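Observations on chain architecture
Below, each chain spelled out in residue letters.
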Amino acid sequence: MAGDSSFDVVSDFDQQELVNAIDQARREIATRYDFKGSKVAFELGKDAITLTADDEYRAGAAKDLLESKAVRRSLSLKIFEWGRVEPAGGGTVRQEIKLKRGLTADQAKELSKRIRDAFPKTKPVIQGDAVRVSAKSKDELQAVIADLRALDYPVALQFTNYR
């Protein structure tokens, strides 16, 4: 195994960047004219964000605002799983936004199979919610990363621990 290079394929996001994006969205909502006098709030939980707004129009505008702030902070929009807009108490609406983190077992198997088929000199190993890819040649690993970046995958992929 000595002499092998490796990296991990993970699906994760920077929690602090998400907090910053939400704070920026809150500040812009407080100053924008079209939100004047309205009640729009983001509540960040452990693995979800709750958006509360006066009506569906403002909820949609707040969604667009949060997405634009997330993109500016280098967060992928694939981390958000937008729920339905549901009526809440007091004439408001609520929307649950789940945060996707980690690869499922099926996604890890699918990525591992794709890497094994396309690059026979590499060795992908599933480790929990990540896939470790190792090979003798760093050029092979670079080719795997380029192939996975070109892939339009349903979750955001990051490549960490490149050695």
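All of the points below concern the structure found in this document. Because the structure is predicted, anything quoted here is derived from the model rather than measured. Position numbers for residues count from 1 along each chain, tracking the sequence in the order it is written. Owing to the predicted nature of the model, reporting of local features is limited to residues with pLDDT of at least 70; listing and counting of side-chain atom pairs is limited to 80 or more, with chain, interface and lining totals taken over all residues. Each side-chain value is derived from all of the structure's non-hydrogen atoms; neither hydrogens nor water enter the calculation.

Attention shifts here to the environment of A62. We count a stretch as a helix when DSSP gives it H or I for four or more residues in a row; a strand needs E for two or more, and each element gets its number in order from the N terminus. Among the secondary structure elements, A62 is positioned in helix α2 (residues 56-72). A relative accessible area of 0% places A62 in the buried class. A62 sits 33 residues away from Q95 along the chain, and the two C-alpha atoms are 11 Å apart. In contact with A62, other than residues within four places in its own chain, are I29, F35, V40, F42 and L51. Whether a residue is buried, partly exposed or exposed follows from its accessible area with a 1.4 Å probe, protein chains only, as a fraction of its type maximum: under 20%, in between, or over 50%, in that order. Contacts are residue-level and defined by heavy atoms, with any inter-residue pair within 4.5 Å sufficient.

Here the focus is the pattern of salt bridges. A pair is scored as a salt bridge if a Lys or Arg side-chain nitrogen falls within 4 Å of a carboxyl oxygen belonging to Asp or Glu. Here the structure, examined in full by the defined rule, presents 14 salt bridges. Between E17 and R73 there is a salt bridge; the shortest N-O distance is 2.7 Å. Residue E17 is found in helix α1 (residues 15-31), and its partner R73 is found in the loop between α2 and β4 (80-88); the two are separated by 56 residues along the sequence. A relative accessible area of 21% means that E17 is categorised as partly exposed.

Attention now goes to the sheet that holds strand β8 (residues 158-160). Only strands joined by at least two bridges in the DSSP assignment are considered to pair. Taking strand neighbours across the sheet as the criterion, the 4 strands line up as β6-β7-β1-β8 in an open arrangement whose pairing is antiparallel. Whereas interior strands pair on both sides, the edge strands pair on one side only; in this sheet they are β6 (123-127) and β8. Along the sheet, successive strands turn relative to each other by an average axial angle of 30°, direction set aside. Across 5 bridges, the pairing between strand β1 (residues 5-10) and strand β7 (residues 130-135) is antiparallel. Paired with D8 across the strands is R132, a residue of β7. Axis definition: a line fitted to C-alpha atoms, limited for helices to the stretch in contact. Angles are taken between N-to-C directions and run from 0 to 180 degrees. Across the face of the sheet, helix α3 (residues 105-118) comes into contact with β1, β6 and β7 while running at roughly 170° to β6. Of the strands in this sheet, β1, β7 and β8 are in contact with helix α4 (residues 138-150), which crosses β1 at around 15°.

Throughout, nonpolar core names a set of buried Ala, Val, Leu, Ile, Met, Phe, Trp, Tyr and Cys residues whose side chains join them through atoms within 4.5 Å. With 24 residues, the main nonpolar core has L18, F42, I49, L66 and F80 as its most contacted residues. Sorting the residues of this core by element identifies α1, β3 (48-53), α2 and β5 (92-99) as the ones contributing at least two each. Per element, the largest residue contribution to this core is 6 residues, and it comes from α2. Beyond its immediate stretch of four places on either side in the chain, L18 contacts F13, L44, I49, L75, F80 and L99. One finds L103, F119, V131 and L157 within the second-largest nonpolar core, a separate group that totals 18 residues.

Turning next to the packing of aromatic side chains. When two rings of Phe, Tyr or Trp (its six-membered ring) have centres within 6.5 Å they constitute a pair, described as stacked for plane angles under 30 degrees, edge-to-face for angles over 60, and tilted for the intermediate range. Under the counting rule described, the total for this entry stands at 3 aromatic pairs. Between F7 and Y162 the ring centres are 6.4 Å apart and the planes differ by 35°, which places this aromatic pair in the tilted class. Of this pair, F7 sits in strand β1 while Y162 sits in the segment after β8, and the two are 155 residues apart along the sequence. Assessed through its relative accessible area of 34%, Y162 is described here as partly exposed. Here F80 and W82 contribute two aromatic rings whose centre-to-centre distance is 5.7 Å and whose plane-to-plane angle is 45°, an arrangement assigned as tilted. For W82, a relative accessible area of 21% gives the class partly exposed.

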